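Geometric and topological summary
Listed below are the residues making up each chain.
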Amino acid sequence: MFELADPWLLLFLPLPLLARRVLGEGQMSGGAIAVPDRIGGALLAARGHRAAAGGIPLRQALLWAIWGLMLLAASGPRDLAPVSALRVTGRDLAIVLDLSGSMVRDDFSLDGRQVTRLEAVTTVGADFARRRGGDRVALIVFGSEAYFAAPFSFDVEAIARRIEEAEIGVSGRATNISDGLGLALKRLADSNAASRVVILLSDGVNNAGATNPRGVAELAARMGVRVHTIALGPKDLSTAKTGERGVVDAATLRAISDISGGESFRVRTTDDLVAVTEALDRLEATDSDGLAAEVFRDYWMWPAFLAAVLSLWLGWRELT
């Protein structure tokens, strides 16, 4: 709806008439400036010519138009712009992503082509993050060590880009599930959110760090943090041959989710991974009322621009 931010400024529109009535015509004429005789004569002749030709009324009309446009610009014409309200869920969600060396294995397919586990996870994970509008989302990555890759933020697009940029090796090539989950809990300890959730994805066996993952899960349960786990990879530790590499410890990840009150998921294909993200969307739904906001589109520059154009034209007429 179109409106004026300060409509009371339009009350100053008759101010020039009031000033002329109070001060008188003589005092409104302004000061004098000394010019050469030839220039002064030319200006007086031009003024007399315009008066004879009826130019004074046009000059007055231009002055009134300029004054009115300036007041209109100052009063702040604006329109309420349509803005989608941001959904706010009151949830802090930490995504804990395994970047160990086994993520380079190319045993997944995506859009009909063979891809690495990392590429499948970053593609599907980034899409999942973008759907978390209303959550405060953070990203933790771990390998041999755990790192806080992105702080809690409502800017889910920025989190998605960080997931897409994830690379193997920045955190070491071992699998330190305990530290990854522990760092997420450390960040959530200061959170005042009504709901605190961790999504932990790993494709390996915890082989680094001094803490047992189940012990960290018990800490999560005491803190009231739900941990949903995703076991990624075609083979389980429980069924793999002795010494076989690239297997995932699905049993430990399932225990973490059971202890903390979350859900565990087993992912062997990219389709499984997509299904998991959809299931998580249902478990941690983002539907809620948004924050109301009024955002205005300003139009003051248009009457101000027109007033400037008329002022330049009037000045040009005075000098010609």
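Since the structure is predicted, the reported quantities are computational estimates derived from the model, not experimental observations.

This part is about the environment of Leu93. With respect to the helices, strands and loops of the structure, Leu93 is situated in strand β4 (residues 91-98). We classify Leu93 as buried; its relative accessible area is 0%. As a C-alpha pair, Leu93 and Leu188 span 95 residues in sequence and 8.8 Å in three-dimensional space.

Now for the sheet that holds strand β1 (residues 2-4). Strand pairs in the sheet, formed through backbone hydrogen bonds, run parallel or antiparallel to each other. Here we have three strands laid out as an open sheet, ordered β1-β2-β13, and antiparallel in their pairing. The sheet is open, and its two borders are formed by β1 and β13 (295-298), each paired with just one other strand. Put simply, the sheet's adjacent strands are angled 40 degrees from each other on average, direction ignored. Judged from the three bridges that link them, β1 and strand β2 (residues 77-81) form a sheet pairing that is antiparallel. Bridge pairing links Phe2 to Asp79 in β2.

What follows concerns the sheet that holds β4. The sheet built from six strands is open, its strands ordered β8-β7-β4-β9-β10-β11 with mixed pairing. The strands lining the two open edges of the sheet, one partner per strand, are β8 (146-153) and β11 (264-267). Averaged over neighbouring strand pairs, the angle between their axes works out to 15 degrees when direction is ignored. Relative to strand β10 (residues 226-232), strand β9 (residues 195-202) runs parallel, the two sharing six bridges. Bridged to Ser202 within β10 is Ala231. Against the sheet, helix α7 (residues 177-188) touches β4, β7 (136-142), β8, β9 and β10, its axis set at about 30 degrees to β8. In the packing of helix α9 (residues 250-260) onto the sheet, the strands contacted are β9, β10 and β11, and the crossing angle to β10 comes to about 165 degrees.

Rules behind the numbers
Residues numbered from 1 in each chain as written. Predicted model: local features only at pLDDT ≥ 70, side-chain atom pairs only at ≥ 80, totals over all residues. Heavy atoms only, no water. Helix = DSSP H or I, 4+ residues; strand = E, 2+ residues; numbered from the N terminus. Buried < 20%, exposed > 50% of the residue type's maximum accessible area, 1.4 Å probe, protein only. Pairing = 2+ DSSP bridges. Axes fitted to C-alpha atoms, helices over the stretch in contact; angles between N-to-C directions. Contact = heavy atoms within 4.5 Å.

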